[in-house]
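Okay, here's what each chain looks like letter by letter:
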Amino acid sequence: MDSITVLMTSPMSDYLENQLKDRFNLVKLWTYSSKTDFFKHNSHSIRAIVGNTKIGADAELIDSLPELEIVSSYSVGLDKIDLRKCQEKGIRVTNTPDVLTDDVADVAMGLMLAVVRRVCECDRFVRRGLWPKGDFRLTNKFSGMQVGIVGLGRIGSAIAKRAEAFGCPISYYSRSEKPETNYKYFSNIIDLAVNCQILVVACALTEETHHIVNREVIDALGPEGILINIGRGSHIDEPELVSALLEGRLGGAGLDVFENEPEVPEQLFGLENVVLMPHVGSDTVETTDAMADLVIKNLEAHFLKKPLLTPVV
Amino acid sequence: MATEVEDHRPLVLVHHLASFKLPLQDRLITHFRLFDSLASPEASSVLALICVGPTPVTVDTLDHLPSLRLVVGSSAGLDHVDLVECRRRGIAVTNSGDAYSENVADYAVALLLDVLRRLSAADRFVRSGLWPQQGEYPLGCKLGGKRVGIVGLGSIGYEVAKRLVAFGCTVAYNSRNKKPSALYPYYANVHDLAVNSDVLIVCCALTNETHHIINKDVLTALGREGVIINVGRGALVDEKELVQFLVQGEIGGAGLDVFENEPNVPKELFALDNVVLSPHLAVSTPESFEALNEVIIANLKAFFSNKPLLSPFQQE
């Protein structure tokens, strides 16, 4: 298939890059100094795009590639892909669900534990040589805290399963109620926030869920409440979050994602009740390889006219 | 002349080092008469003592307390109490029972997640402003599917196992004796457990037998990708060996809440990103101490009413 030209949008994975190079004619978007330069050389040959959470396939890119047949995203999130345009033009879209569910749920749990028990702060305390001067103070018990999940999809359910093992009562807000679970359903996010101690954002980013966690929700969660985000930065009104934390109106936050990555509000750097990750939810050796394999398998299936493994459109 | 109201409250010694106080003093005095000096004349008749924190109970201590029948500990570990001597004198000993178990288990899981997914190191990376400059951050290791070996399947080990199973880990254990009620595979010694594990979580009591139970042989058996989590006592691990293994890259990582010479921590560890350190606080939540107060009072009440003790110490 090395006559088939595939566009990779950003340097997301060396392993994936090598696999694509072996099988296809690989074009790397980031090696071009300008868009014009890129389009001049490639616009009529590219038949597939491999995108990720940084650069996907927006309307401009799709419109400029007349031979485009498939977008295979190295992510489960689809917010960087113009799905409607793909649907209109009959372009297939695949993503990488399931293979990353466990790892993202694990980071959500890691963030919850780290914020409640101040794990990173304690590590800093020891490394700074402060222990001989006196003990660190008490932190709250994690087991049994009420956990509220926004979006009870694959990742949300995996988080619920883990939190249950700690005796945490689980409640959720989702587009639809899931009667097959024993968890308590709330029909709106404010009621969920009022009734939980830890609010976890685990839903997809769409027009409806943009800034779903706003000032009102943060106030409902309150000065003892903790916010965890492993979804997308734009799920939360970030300036509101920062003020709430600085003013003590929110108890703490564990954040793996931000509105304008890799920029992170510097005012957070001095706070001991936050834990900040550089978007590592699915970043393990095992999972990134599995994601890459799924991207490749979807592309191969498409060009061999076989059924796609994880189609979205 | 008015008769004095008789004080029926049993007498209890609060045995503590000068630097340790017992926070539940106020609640105790409604049920018990308290004193705190071995030199007091009441020492000869007192039947029960509360041992505050790691205050040692030695042969010398016991020699001052000829009537003693009960030592109520306030920690999960009792390595500061001469258990052999207590047994010899027919003195019962109680520990903190389940008061701490969930909190310690929570912290053990927190340390493991942090080591495997590099949470503290990544948090440092972001706070130092390196993300926009350096972009890529090193990959971590998946927790799901890891083989977890629990050293000491007591109440803490049991809670750790229960949590990690929900993350998709498989669990096996070593204890002094096999536990017929446990559903996990048993290994008769820690070396064999290490050979068959990716992670070892040390939750057992510190005794003469378990001193340095994690030694060079066990660390080698665990392997280059192996991870050690210690929420027991520092002396369960040969710390010098562990530091060597970590510095040389011969083991995958470590999460340590306890050390051989607290509050001193080997400085070589400060430079390592695959190590997470905490200042012996796995138990330290208000809820733990409240639960502990309940256990202490319950044990004393049971003792003085000739009922079975709530949390008699049992070697795991």
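Please refer to the structure higher up on the page.
Residues numbered from 1 in each chain as written. Chains lettered and ligands numbered in written order. Predicted model: local features only at pLDDT ≥ 70, side-chain atom pairs only at ≥ 80, totals over all residues. Heavy atoms only, no water.

Participant: Lay out the overall build of chain A in plain terms, naming residues and giving numbers.
Facilitator: The secondary structure content of chain A amounts to eleven helices and twelve strands. For chain A, the C-alpha radius of gyration of 21 Å lies close to 20 Å, the compact-globule estimate for 313 residues. Along the first, second and third principal axes, the C-alpha atoms of chain A reach 65 × 50 × 30 Å. Residues classed as buried in chain A amount to 58% of the 313 residues present. Taking contacts inside chain A between residues at least 6 apart in sequence as the whole, the part at least 24 apart equals 58%. Counting only carbon and sulfur atoms, one obtains 47% of the accessible surface of chain A, whose full area is about 13,000 Å². (Helix = DSSP H or I, 4+ residues; strand = E, 2+ residues; numbered from the N terminus. Rg over C-alpha atoms; globule rule 2.2 N^0.38 Å. Buried < 20%, exposed > 50% of the residue type's maximum accessible area, 1.4 Å probe, protein only. Contact = heavy atoms within 4.5 Å. Areas by Shrake-Rupley, 256 points an atom, 1.4 Å probe, with all protein chains shown as cover.)

Participant: I'd like a rundown of the interface of chain A and chain B, residues and numbers included.
Facilitator: At the interface, 56 residues of chain A touch 55 residues of chain B. At the boundary of chain A with chain B, total buried surface from both sides reaches about 4,800 Å², with 63% on carbon and sulfur atoms. Summed over the three residues of chain A that lose the most area to chain B, namely Arg117(A), Arg127(A) and Trp131(A), the buried surface amounts to 17% of that side. Where chain A touches chain B, the interface holds six salt bridges. Taking the shortest distance from any N to any O, the salt bridge between Glu102(B) and Lys141(A) comes out at 2.6 Å. Seen at the junction of chain A and chain B, the total is 24 residue pairs in polar contact (both at pLDDT 80 or more). Counting only elements with at least two residues in the side of chain A that touches chain B, the list comes to α5 (101–116), α6 (119–127), α7 (154–164), β12 (274–276) and α11 (285–303) of chain A. In terms of residue class, the side of chain A that touches chain B is made up of 31 nonpolar, eleven polar and 14 charged. (Buried area = accessible area lost by both parts, 1.4 Å probe. Salt bridge = Lys/Arg side-chain N within 4 Å of Asp/Glu carboxyl O. Polar contact = N/O pair within 3.5 Å; in protein donor to acceptor, adjacent residues only side chain to side chain. Nonpolar A, V, L, I, M, F, W, Y, C, P; charged D, E, K, R; others polar.)

Participant: Report on helix α11 (residues 286–304) of chain B, specifying residues and quantitative values.
Facilitator: Across its 19 residues, α11(B) extends 27 Å between first and last C-alpha, which sits within 8% of the 27 Å expected from 1.5 Å per residue. Those residues of α11(B) lying buried are Ser288(B), Leu292(B), Asn293(B), Val295(B), Ile296(B), Ile297(B), Asn299(B), Leu300(B), Ala302(B) and Phe303(B). (Expected span 1.5 Å × (residues − 1).)

Participant: Go over the nonpolar core, please, and point to the residues and values.
Facilitator: Formed by 182 residues in total, the largest nonpolar core has its most connected members in Ile159(A) and Ile214(B). Once you skip the residues sitting within four places of it in the chain, Ile214(B) turns out to touch Val151(B), Val190(B), Leu200(B), Val202(B), Leu219(B), Ile228(B), Leu236(B), Val237(B) and Asp238(B). (Core = buried A, V, L, I, M, F, W, Y, C linked by side-chain atoms within 4.5 Å.)

Participant: Outline the pattern of salt bridges, supporting the account with residue identities and numerical values.
Facilitator: Residue and element names in this part refer to chain A. On inspection of all chains with the given rule, the structure shows 38 salt bridges over all chains. The salt bridge involving Arg 162 is made with Asp 106; its shortest N-O contact spans 2.8 Å. Separated by 56 residues along the polypeptide, Arg 162 in helix α7 and Asp 106 in helix α5 bring together distant segments of the chain. Pair check on accessibility: Arg 162 and Asp 106 agree, each one buried. Here Arg 124 and Glu 121 are joined by a salt bridge, their closest N and O atoms 3.1 Å apart.

Participant: Let's hear about the sheet that holds strand β7 (residues 170–173) of chain A: which residues, and what values?
Facilitator: Remark on secondary structure: sheet strands pair via backbone hydrogen bonds, oriented parallel or antiparallel. Residues and elements named next belong to chain A. Spatially, β8-β7-β6-β9-β10-β11-β12 is the arrangement adopted by the seven strands of the open sheet, whose pairing is parallel. The open sheet is flanked by β8 (184–185) and β12, the only strands paired with a single partner. Bridge count for strand β11 (residues 252–255) against β12 is three bridges, and the pairing is parallel. When the bridges of β12 are listed, Ala 253 appears paired with Val 274. (Pairing = 2+ DSSP bridges.)

Participant: If you had to explain the packing of aromatic side chains to someone new, which residues and values would you point to?
Facilitator: By the definition in use, this model includes 14 aromatic pairs over all chains. For the ring pair Phe303(B) and Phe304(B), a centre distance of 5.0 Å and an interplane angle of 75° mean the geometry is edge-to-face. Its relative accessible area of 25% is what places Phe304(B) among the partly exposed residues. Among the aromatic side chains, those forming a connected cluster through ring pairs are Tyr32(A), Phe38(A) and Phe39(A). (Phe/Tyr/Trp six-rings, centres within 6.5 Å; stacked < 30°, edge-to-face > 60°.)

Participant: Account for the environment of Met145(A), with residues named and values stated.
Facilitator: Residues and elements named next belong to chain A. Turning to its location among the elements, Met 145 is positioned in the loop between α6 and β6 (147–150). Among the residues examined, Met 145 registers a relative accessible area of 9% and is labelled buried. Distance from Met 145 to Ser 157, taken between C-alpha atoms, is 17 Å for residues twelve residues apart in sequence. The residues touching Met 145, leaving out its near neighbours within four places in the chain, are Val 116, Cys 168, Pro 169, Gln 197 and Ile 198.

Participant: Account for the side chain of Asp103(A), naming residues and giving values.
Facilitator: Assignment of secondary structure puts Asp103(A) in helix α5. The residues contacting Asp103(A), other than those within four sequence positions of it, are Gly281(A), Ser282(A), Thr284(A), Thr287(A), Arg117(B), Lys142(B) and Leu143(B).

Participant: Report on the pairing of strand β2 (residues 25–28) of chain A, specifying residues and quantitative values.
Facilitator: Note on strand geometry: in a regular strand, side chains alternate between the two faces of the sheet. All names here are of chain A. As judged from the four bridges shared by strand β1 (residues 5–8) and β2, these two strands associate in the parallel manner. Bridge assignment links Leu 7 to a residue of β2, and that residue is Val 27. A crossover connection joins β1 to the parallel β2 through helix α1 (residues 14–23); in handedness this β-α-β unit is right-handed. (Right-handed = clockwise from strand over helix to strand, strands pointing away.)

Participant: Now, about the sheet that holds strand β2 (residues 33–35) of chain B: what can you tell me, with residues and values included?
Facilitator: Residue and element names in this part refer to chain B. The strand order across the open sheet formed by five strands is β2-β1-β3-β4-β5, and the pairing between neighbours is parallel. In this open sheet, the two edge strands, each paired with only one partner strand, are β2 and β5 (92–94). Taking each pair of neighbouring strands and ignoring which way they run, the sheet shows an average axis angle of 25°. Across four bridges, strand β1 (residues 11–15) lies against strand β3 (residues 48–51) in parallel orientation. (Axes fitted to C-alpha atoms, helices over the stretch in contact; angles between N-to-C directions.)

Participant: Which residues make up α11(A), and what values do they have?
Facilitator: Residues and elements named next belong to chain A. Here α11 is 19 residues long and its end C-alpha atoms lie 27 Å apart, about the 27 Å a rise of 1.5 Å per residue gives. Taken residue by residue, α11 has Thr 287, Thr 288, Met 291, Ala 292, Leu 294, Val 295, Ile 296, Asn 298, Leu 299, Ala 301, His 302 and Phe 303 as its buried positions. Of the residues one or two after α11, Lys 305 is the one with positive phi, at around 60°.

Participant: Account for the packing of α5(A) against helix α4 (residues 101–117) of chain B, naming residues and giving values.
Facilitator: Contact pair α5(A) / α4(B): the axes reach a minimum separation of 9 Å and the direction vectors enclose 125°. When the interaxial angle is binned, α5(A) and α4(B) end up oblique. The chirality of how α5(A) crosses α4(B) is left-handed. Contact with α5(A), carried on its side by Asp103(A), Asp106(A), Val107(A), Met109(A), Gly110(A) and Leu113(A), involves Asp106(B), Val109(B), Ala110(B), Leu113(B) and Arg117(B) of α4(B) and no other residues of that element. (Parallel < 35°, antiparallel > 145°, perpendicular 65-115°, else oblique. Left-handed = near helix turned anticlockwise from the far one by under 90°.)

Participant: So what about the side chain of Asp256(A)? Which residues, and what values?
Facilitator: For Asp256(A), the location among the structural elements is in the loop between β11 and β12. This buried residue, Asp256(A), is left without a salt bridge; Arg117(B) holds the nearest opposite charge, at 6.9 Å. A polar side-chain atom of Asp256(A) sits 2.9 Å from the main-chain amide nitrogen of Gly281(A). (Lys, Arg positive; Asp, Glu negative; His and termini not counted.)

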